[in-house]
Amino acid sequence: AQSVTQLDSQVPVFEEAPVELRCNYSSSVSVYLFWYVQYPNQGLQLLLKYLSGSTLVESINGFEAEFNKSQTSFHLRKPSVHISDTAEYFCAVRDLDTGGFKTIFGAGTRLFVKA
Amino acid sequence: SAVISQKPSRDICQRGTSLTIQCQVDSQVTMMFWYRQQPGQSLTLIATANQGSEATYESGFVIDKFPISRPNLTFSTLTVSNMSPEDSSIYLCSVVEGSGEQYFGPGTRLTVT
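What counts, and at which threshold
Residues numbered from 1 in each chain as written. Chains lettered and ligands numbered in written order. Predicted model: local features only at pLDDT ≥ 70, side-chain atom pairs only at ≥ 80, totals over all residues. Heavy atoms only, no water. Helix = DSSP H or I, 4+ residues; strand = E, 2+ residues; numbered from the N terminus. Rg over C-alpha atoms; globule rule 2.2 N^0.38 Å. Buried < 20%, exposed > 50% of the residue type's maximum accessible area, 1.4 Å probe, protein only. Areas by Shrake-Rupley, 256 points an atom, 1.4 Å probe, with all protein chains shown as cover. Disulfide = S-S within 2.5 Å. Polar contact = N/O pair within 3.5 Å; in protein donor to acceptor, adjacent residues only side chain to side chain. Contact = heavy atoms within 4.5 Å. Core = buried A, V, L, I, M, F, W, Y, C linked by side-chain atoms within 4.5 Å. Buried area = accessible area lost by both parts, 1.4 Å probe. Salt bridge = Lys/Arg side-chain N within 4 Å of Asp/Glu carboxyl O. 1 Å grid on protein atoms, 1.4 Å probe; cavity = no way out; pocket = protein on both sides within 12 Å on 5 of 7 lines; lining within 4 Å. Points joined across faces, edges and corners; volume = space filled by probe spheres on them. Nonpolar A, V, L, I, M, F, W, Y, C, P; charged D, E, K, R; others polar. Phe/Tyr/Trp six-rings, centres within 6.5 Å; stacked < 30°, edge-to-face > 60°. Lys NZ or Arg CZ within 6 Å of the ring centre and 35° of its normal.

Draft legend 1. Layout of the overall build of chain B. Counting its regular elements, chain B contains 0 helices and 11 strands. Reading the secondary structure of chain B in the N-to-C direction produces β-β-β-β-β-β-β-β-β-β-β. Relative to the globule expectation of 13 Å for 113 residues, the C-alpha radius of gyration of chain B, 13 Å, shows essentially globular dimensions. Here the C-alpha coordinates of chain B stretch approximately 40 × 25 × 20 Å along the principal axes. Residue burial in chain B is summarised as follows: out of 113 residues, 51% are buried. In the structure as shown, chain B presents an accessible area of about 5,200 Å², 47% of it carried by carbon and sulfur atoms.

What follows is the structure, given as structure tokens:
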């Protein structure tokens, strides 16, 4: 069965520093990949997605993620974080070969940006 | 993108009682799902709500505990039956559009005392 591993449960970082949140998934031929963000006491928001095409995807607020098929990874990066980026980030995978439309979520990474 | 609303937004219930959560989508969608997010944890899929047929439950979830209705392509309900404190959680409705994108409702925060 498909699984998603987010290697870091918490990532503290200073404002304006770069950050990488790591995500690995079980091997599969065809997957859709997502990053969701959950700000404190708010709902889940889609941050960015990989469905097909370019392996590098970007969000409107400066985050990017790269689909690496050989390493089965979809790490999230931002070159310079802001205080307002403090949130919980969830990596998610939809296995098109076996899972239909079911999406499996990682355990989440809490990004804490310090001044 | 689909806009999803849920009712109630939060509730405090006594153990042994049941709560029905409603999910309304502003467009017709085929794929609708119910998730649970326990305090400080990730999302766990409870079931896929199928229009016109019984829901498909994931391992660890059963229809007697979490009955689901899906009367049409814009609406679904999830009932949490015979509640215990372990059912305290955020319950989320979600849809997948034809594009493959998945959206979530704002959630229902349930506290069982």
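That was the structure; now back to the text.
Draft legend 2. A look at the state of the cysteines. All names here are of chain B. Throughout the structure, instances matching the rule amount to 2 disulfides over all chains. Here C23 is linked by a disulfide to C93, with a sulfur-sulfur distance of 1.9 Å. With the S-S bond torsion at -65°, the cross-link from C23 to C93 turns out left-handed. A residue pair is termed long-range when its members are at least 10 positions apart, and C23 in strand β3 (residues 19-25) and C93 in strand β9 (residues 89-96) qualify at 70 residues. The exposure class assigned to C23 is buried, which follows from its relative accessible area of 0%. The closest cysteine sulfur to the non-disulfide-bonded C13 is located on C23, 18 Å from its own sulfur. The exposure class assigned to C13 is buried, which follows from its relative accessible area of 9%.

Draft legend 3. Inspection of the side chain of Q102(B) at higher detail. Inspection of the secondary structure puts Q102(B) in strand β10 (residues 102-104). Judged by relative accessible area, which is 0%, Q102(B) ranks as buried. Among the polar contacts listed, one links the side chain of Q102(B) to the side chain of T103(A), at a separation of 2.5 Å. Every residue in contact with Q102(B), bar those within four places of it in the chain, is listed here: Y36(A), R94(A), T103(A), F33(B), Y35(B), S94(B), V95(B) and V96(B).

Draft legend 4. Summary view of the nonpolar core. Within the largest apolar cluster, 28 residues are counted, with the highest numbers of intra-cluster contacts made by L33(A), W35(A), L47(A), L48(A), F74(A), L76(A) and Y89(A). Secondary-structure elements contributing two or more residues to this core are β2 (10-14), β3 (19-21), β5 (31-38), β6 (44-50), β8 (64-68), β9 (73-78), β10 (87-95) and β12 (109-114) of chain A. For F74(A), the residues in contact, after removing those within four places along its chain, are C23(A), L33(A), F34(A), W35(A), L48(A), K49(A), Y50(A), V57(A), A65(A), E66(A) and F67(A). Within the second largest apolar cluster, 27 residues are counted, among which are I4(B), I21(B), I68(B) and L78(B).

Draft legend 5. Main features of the interface of chain B and chain A. The interface is formed by 18 residues belonging to chain B together with 18 residues belonging to chain A. Summing the contributions of chain B and of chain A, the shared interface buries around 1,400 Å²; its carbon and sulfur component is 57%. Taken together, the links from chain B to chain A amount to 2 salt bridges. K49(A) is paired through a salt bridge with E101(B); the nearest N and O atoms lie 2.7 Å apart. Linking chain B with chain A are 9 residue pairs in polar contact (both at pLDDT 80 or more). Going through the elements one at a time, β4 (31-37), β5 (43-49) and β10 of chain B are the ones with two or more residues in the side of chain B that touches chain A.

Draft legend 6. Representation of the layout of surface pockets in the model. Taken as a whole, the largest pocket encloses approximately 550 Å³ of empty space. Q38(A), Q42(A), Q37(B), I90(B) and R109(B) are, among the 30 residues lining the largest pocket, the residues nearest its centre. For the lining of the largest pocket, the elements supplying multiple residues, two or more each, are β10 of chain A together with β9 and β11 (108-112) of chain B. Of all the elements, β11(B) adds the most residues to the lining of the largest pocket, at 4 residues. Class assignment of the residues belonging to the lining of the largest pocket gives a composition of 11 nonpolar, 15 polar and 4 charged.

Draft legend 7. Seen up close, the environment of Q10(A). Relative to the elements of secondary structure, Q10(A) occurs in strand β2. For Q10(A), a relative accessible area of 59% gives the class exposed.

Draft legend 8. Broad picture of the packing of aromatic side chains. As enumerated under the stated definition, the model contains 11 aromatic pairs over all chains in all. Where F63(A) meets Y89(A), the ring centres are 5.5 Å apart and the plane angle is 45°; that geometry is what we call tilted. Taken together, the residues F63(A) in the loop between β7 (56-58) and β8 and Y89(A) in strand β10 connect sequence positions 26 residues apart. Assessed through its relative accessible area of 0%, Y89(A) is described here as buried. Relative to F66(B), the ring of F61(B) has its centre 5.6 Å away and its plane inclined at 65°; by these criteria the two rings are edge-to-face. The pair formed by F61(B) and F66(B) is uniform in burial state, with each residue classed as buried. One aromatic cluster is present, formed by F34(A), Y36(A), F105(A), Y35(B) and F104(B) through successive ring pairs. In this arrangement the basic side chain of K114(A) is found over the ring face of F14(A), its NZ or CZ atom lying 4.5 Å from the centre.

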